[in-house]
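If you want the building blocks of each chain, they are given just below.
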Amino acid sequence: MASDEYHRRTLITRLTLRSDEDEQLLLDTIEEWLDGCNIASGLAWNECHTKSDVRQLAKQQIKQKTKLGDQHATLTCHEVAGAIKSCIERRKTGKKASQPQFTSRSMTFDRRTLTVFPEQEKITLTTLGDHSRVHATLCLPEDESGYQYEYLDSDEWEYTESTLHYRDGDWYIHLGYRTPKDDEPEAATENGTVLGVDLGVNRIAVTSTARFFDAGELNHYRRECEKTRGTLQQSGTQSAHRTIESLSGREERYVKHVLHTVANGIIEEALEHDCVGIVFEELDGIREDLPEAAWHSEWAFRKLKDFVEYKAEFEGLFVDTTSPRNTSKRCNECGFTHDDNRHAGQFECQSCGKSNHADYNAAKNVAELYLRRGHQPSGRRSVSQYALKSGARTPS
Ligand SMILES: [Zn+2]
């Protein structure tokens, strides 16, 4: 949904921390955050300004050079994208704008990195590393008449994101809340947009917006595990058998971790492109298209889809599927469908001559064929177009 479909309010209050250690941890987190923002700003300035572009350019470096966890690193990129965008706006009006520098002690949190507990009048914030959380108490007015309670205790207002500020030894939190505008939700969903996702062996997932999730590292890891298992099996001892079991446990955890990251990326992509839903291929037909060695991929695809469904529900997105028939053979540009269009990773249309990455072509077809086949999500929403790298396409 676009941002103007919501009323937005900010709840501002001071915070009390539980200990000096927690305070130090938060201060350290802010320092790393500022470093992260400045790294991204240096890389992206004069290069790009969309969230996804800044992320692709800077996130890895931020993770290498700072102690920020994955989600904080993502948020620094988004912060910088916003800052660069405002610079561009300023320049349009003839004002000067130079590369954003981040120095004031404040940082942004989202629903993954900051949780609100209204009843306890408390929040928890993710600090360095993704799992160490600091608890803080909201210093709300004594009498229950403070405006803050209107949002905190409400079912209508939902918490979205927030900024933490440190000023003169005091902590303040600005909690962002939103509620849909009453008169518009029906109209807003008339031309709902979906995100198409193609699943594959070499790229775990590719979206119709051209975001690629590579499977190289995952496949390498699995091959290594397979080799080790082979060697252990030959030895045939009791201890070898136990080692195989623990190896399999570790492998499964690693694969799940990777799949969670991919699922988060798909959700991000859908939200950034204002999609109301995500479309996959039905997995039942997919097996025929997979090489023998990739039998395990079916399990991974199912898991990935489960993770996406779980996270999508939280974000209010629907997840649906369409038949995989023709998704990889059809030219997304002209519609010509033929076996010879696809050669391994490359797609070249035998009719119009357009060539493209095969999985990207397929991702667009997943969404296009979903709409052409007349699928609609259940409930009040209706969809008519799918998201591309920039803009959206409505199948005629
Ligand atoms: Zn074509």
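Residues numbered from 1 in each chain as written. Predicted model: local features only at pLDDT ≥ 70, side-chain atom pairs only at ≥ 80, totals over all residues. Heavy atoms only, no water.

If you tally the helices and strands in the chain, you get nine helices and 17 strands. Taken over C-alpha atoms, the radius of gyration comes to 24 Å for the chain, in line with the 21 Å a tight globule of 396 residues would show. Dimensions along the principal axes, computed over C-alpha positions, put the chain at roughly 70 × 65 × 45 Å. At a minimum sequence separation of 6, the contacts of the chain that also span at least 24 residues come to 65%. In the form shown here, the chain has an accessible surface area of approximately 20,700 Å², with 45% of it arising from carbon and sulfur atoms. (Helix = DSSP H or I, 4+ residues; strand = E, 2+ residues; numbered from the N terminus. Rg over C-alpha atoms; globule rule 2.2 N^0.38 Å. Contact = heavy atoms within 4.5 Å. Areas by Shrake-Rupley, 256 points an atom, 1.4 Å probe, with all protein chains shown as cover.)

In this section: the coordination of the zinc ion. Within the protein, Cys331 (SG), Cys334 (SG), Cys349 (SG) and Cys352 (SG) serve as the donor atoms for the zinc ion, at 2.2 to 2.4 Å. Considering all four donor atoms around the zinc ion, angles at the metal cover 107 to 116 degrees and the coordination shape is tetrahedral. Written as a sequence motif, the donor arrangement for the zinc ion is C-x2-C-x14-C-x2-C. You can see cysteine 331 sitting in the loop between strand E12 (318–322) and strand E13 (342–343) and its partner cysteine 352 sitting in the loop between strand E14 (346–348) and strand E15 (355–357), a full 21 residues away along the chain. In this structure cysteine 352 comes out as partly exposed when scored by relative accessible area, which is 37%. (Donors = N, O, S within 2.8 Å, 3.2 Å for Na, K, Ca; no water. Tetrahedral: all angles 85-135°; square planar, octahedral: opposite > 155°, others 65-115°. Buried < 20%, exposed > 50% of the residue type's maximum accessible area, 1.4 Å probe, protein only.)

A separate point is the domain arrangement of the chain. Domain boundaries in the chain define domain 1 (3–180) and domain 2 (189–217 + 256–393). When each unit is reduced to the centre of its C-alpha atoms, the spacing between domain 1 and domain 2 is 31 Å. Counting residues at the interface gives nine residues for domain 1 and seven residues for domain 2. Taken together, the two surfaces of domain 1 and domain 2 that pack against each other cover about 730 Å², and 33% of this comes from carbon and sulfur. Looking only at domain 1, the three residues that lose the most surface to domain 2 are Arg55, Arg111 and Arg112, adding up to 60% of its buried area. For the pair domain 1 and domain 2, the number of links is four salt bridges. Among the ionic pairs, glutamate 268 bridges to arginine 55, the shortest N-O distance being 3.3 Å. Taken together, domain 1 and domain 2 are joined by three residue pairs in polar contact (both at pLDDT 80 or more). Those elements that place two or more of their residues in the side of domain 1 that touches domain 2 are helix H2 (51–65) and helix H3 (70–92). No other element matches the four residues that H2 contributes to the side of domain 1 that touches domain 2. The residue inventory of the side of domain 1 that touches domain 2, partitioned by class, reads no nonpolar, five polar and four charged. (Domains from an automatic or database assignment. Buried area = accessible area lost by both parts, 1.4 Å probe. Salt bridge = Lys/Arg side-chain N within 4 Å of Asp/Glu carboxyl O. Polar contact = N/O pair within 3.5 Å; in protein donor to acceptor, adjacent residues only side chain to side chain. Nonpolar A, V, L, I, M, F, W, Y, C, P; charged D, E, K, R; others polar.)

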